[in-house]
Amino acid sequence: MIRRRSTPWIHKWSRPLIAAIAGCGVLITGYLTIEKLTGGSAACVAQAGVKGCNDVLSSPWATVFGQPLPLFGFLAYTSMVIFALAPLILKSGENNSRKQLENWTWLLLLAGAIAMSVFSGYLMYLLAFQIKAICPYCIGSALFSLSLLVLTIIGRTWEDIGQIFFTAIIVGMVTLIGTLGVYAGVNKSDVTTGTPGQPVKITFTPEKDPNPAFGWEITTTSGEAEIALAQHLSKIDAKQYSAYWCPHCHEQKLLFGKEAEQIIDKSVKVECAPEGLKAQPELCKAAKIKGFPTWIISGKTYSGTQNLEELAQVSGYTGSRNFKYFK
């Protein structure tokens, strides 16, 4: 008597597990898409001086073909849910047809998981070395993509192992080349000189001690959008708590530029260093400021240097957003 070989539990539950993980990805990317499209601010615990999720969402890499990047993630995760559940939902029909549907959806799951993993890997590179931020949503999405790839590989018996490697090479190369092509323009403009219409990346490394009267010299100039945003922040009584010796505070000045910073300095900025010009350390203490810079806008606190796009979103600014700089 020949005993029938039992099906491994992972093969029984692989599709539901893939659908569940992809469903979590749908929720995260859907939430970020809504926040990006509505000009909201993603819920993210930020530390003073450390870039976070909203810095990532407001960076040039967060927009692809004029649409927010999380939207494409939402579509990718939704597709994975459909591919995973389709054979389980469509149980009726001939056995050959269902078997064919299972084979095709497994191939689509494999190709999708490979593409998402390669793209997520590139985004992790950007997060660590270009944007230099900590974004739990981004890291979580990358882990989801990697988990989907692992489950797709071990979730069934692949008769031809070479098929996995061949698909991985082709899909991986196409994804990587496409990704580099999409972001080629951004990568060229992320230093100190940008291409027309592209924001310029701001970096600051202090080479000398700051002047207590003004810190370091502001070397950037303001455009109409920067000046309009500064006027808006002054009008709504936003506050920026900073210290003249803080490099991150100077980065914030460079983002606004010299002309807009004059507006910020006059009615928005609060100097917290006791030895600074027009210091008001008692106001900083009353506001319980723990790091610099700290923004308080409409009763909400935002820690660390903020991209102007982010300040525009959280402050309800509706004017031009053709900002010249980002960090």
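Please refer to the structure higher up on the page.
**Considerations on helix H8 (residues 224–235)**
Alright, step 1. The terminal C-alpha atoms of H8 lie 16 Å apart, and with 12 residues this matches the ideal 16 Å at 1.5 Å per residue to within 8%.
Alright, step 2. Looking at the buried side of H8, the elements it contacts are helix H9 (247–256), helix H10 (258–267), strand S6 (294–297), helix H12 (308–315) and strand S8 (325–326).
Alright, step 3. In the stretch just after H8, Asp237 is the one whose phi turns positive, near 65°.

**Comments concerning the nonpolar core**
Alright, step 1. In terms of nonpolar packing, the biggest core is built from 26 residues, with Leu229, Leu233, Phe256, Trp295, Ile297 and Leu311 touching the most fellow members.
Alright, step 2. Setting aside chain neighbours within four positions, we find Leu229 in contact with Phe256, Leu308, Leu311, Ala312, Ser315, Tyr317 and Phe323.
Alright, step 3. With 22 residues, the next largest nonpolar core counts Ala22, Met80, Met116 and Ile164 among its residues.

**Quick notes on the packing of helix H1 (residues 9–38) against helix H4 (residues 95–131)**
Alright, step 1. Between H1 and H4, the shortest axis-to-axis distance is 13 Å and the interhelical angle comes to 45°. Accordingly, the angle class assigned to the pair H1 and H4 is oblique. The interaxial crossing formed by H1 with H4 has left-handed handedness. Between H1, through Ser14, Arg15 and Ile18, and H4, the contact on the second element is made entirely by Glu102, Thr105, Trp106 and Leu109.
Alright, step 2. The class makeup of the residues in the contact of H1 with H4 is three nonpolar, two polar and two charged.

**Section: the packing of H4 against helix H6 (residues 161–182)**
Alright, step 1. Running from N to C, H4 and H6 point in directions that differ by 45°, and their axes come no closer than 9 Å. Of the possible angle classes, the one that applies to H4 and H6 is oblique. Every pair of crossing elements has a handedness; the one defined by H4 and H6 is right-handed. For the pair H4 and H6, contact is made by Leu107, Leu110, Ala111, Ile114, Ala115, Val118, Phe119 and Tyr122 and by Gln163, Ile164, Thr167, Ala168, Val171, Gly172, Thr175, Leu176, Thr179 and Leu180, respectively.
Alright, step 2. Each residue belonging to the contact of H4 with H6 can be placed in one class, and the counts come to 13 nonpolar, five polar and no charged.

**Section: the pattern of salt bridges**
Alright, step 1. Scanning all chains against the criterion turns up four salt bridges.
Alright, step 2. Its salt-bridge partner being Glu102, residue Arg98 comes within 4.0 Å of it at the nearest N-O pair. Of the two residues, Arg98 and Glu102 are both situated in helix H4; the distance of four residues between them amounts to about one turn of the helix.
Alright, step 3. Measuring nitrogen to oxygen at the nearest pair gives 2.8 Å for the salt bridge that ties Asp265 to Lys269.
Alright, step 4. For Lys269, a relative accessible area of 18% puts it in the buried group.

**Some points on H12**
Alright, step 1. Burial runs high along H12: eight of the eight residues are buried.
Alright, step 2. Where H12 is concerned, the buried positions are Leu308, Glu309, Glu310, Leu311, Ala312, Gln313, Val314 and Ser315.
Alright, step 3. Buried residues belonging to H12 abut H1, helix H2 (53–57), H8, H9, S6 and strand S7 (300–303).
Alright, step 4. With its phi angle positive at about 75°, Gly316 sits one or two positions after the end of H12.

**As for the environment of Trp158**
Alright, step 1. Examined against the element boundaries, Trp158 turns out to sit in the loop between helix H5 (136–154) and H6.
Alright, step 2. In the structure, Trp158 is positioned 106 residues away from Gly52 in sequence and 41 Å away in space, judged by C-alpha atoms.
Alright, step 3. In contact with Trp158, not counting residues within four places along its chain, are Trp106, Leu107, Leu110, Thr152, Ile153, Gln163 and Ile164.
Alright, step 4. Separated by 3.2 Å, the side chain of Trp158 and the backbone oxygen of Ile153 make a polar contact.

**Quick notes on the environment of Gln262**
Alright, step 1. Inspection of the secondary structure puts Gln262 in helix H10.
Alright, step 2. Given the relative accessible area of 52%, Gln262 is considered exposed.
Alright, step 3. Taking the C-alpha atoms as reference points, Gln262 and Ala230, separated by 32 residues in sequence, lie 8.9 Å from one another.

**Structural notes on the sheet that holds strand S5 (residues 269–271)**
Alright, step 1. In spatial order, the strands read S5-S4-S6-S7; together these four strands make up an open sheet with mixed pairing. At either margin of the open sheet sits one strand with a lone partner, and together these are S5 and S7. Taking each pair of neighbouring strands and ignoring which way they run, the sheet shows an average axis angle of 25°.
Alright, step 2. Pairing geometry for strand S4 (residues 239–242) and S6, over three bridges, is antiparallel. Its bridge partner being in S6, Gln240 is matched across the sheet by Trp295.

**Re the state of the cysteines**
Alright, step 1. Inspection of the entire model under this criterion finds one disulfide.
Alright, step 2. There is a disulfide in this structure between Cys272 and Cys284, and the S-S distance comes to 1.9 Å. Residues Cys272 and Cys284 are joined by a disulfide whose S-S torsion is about -90°; by sign, that bridge is left-handed. Of this pair, Cys272 sits in the loop between S5 and helix H11 (281–286) while Cys284 sits in helix H11; the two residues are 12 residues apart in sequence, bridging distant segments of the chain. Like Cys284, Cys272 is buried.

Calculation criteria
Residues numbered from 1 in each chain as written. Predicted model: local features only at pLDDT ≥ 70, side-chain atom pairs only at ≥ 80, totals over all residues. Heavy atoms only, no water. Helix = DSSP H or I, 4+ residues; strand = E, 2+ residues; numbered from the N terminus. Expected span 1.5 Å × (residues − 1). Contact = heavy atoms within 4.5 Å. Core = buried A, V, L, I, M, F, W, Y, C linked by side-chain atoms within 4.5 Å. Buried < 20%, exposed > 50% of the residue type's maximum accessible area, 1.4 Å probe, protein only. Axes fitted to C-alpha atoms, helices over the stretch in contact; angles between N-to-C directions. Parallel < 35°, antiparallel > 145°, perpendicular 65-115°, else oblique. Left-handed = near helix turned anticlockwise from the far one by under 90°. Nonpolar A, V, L, I, M, F, W, Y, C, P; charged D, E, K, R; others polar. Salt bridge = Lys/Arg side-chain N within 4 Å of Asp/Glu carboxyl O. Polar contact = N/O pair within 3.5 Å; in protein donor to acceptor, adjacent residues only side chain to side chain. Pairing = 2+ DSSP bridges. Disulfide = S-S within 2.5 Å.

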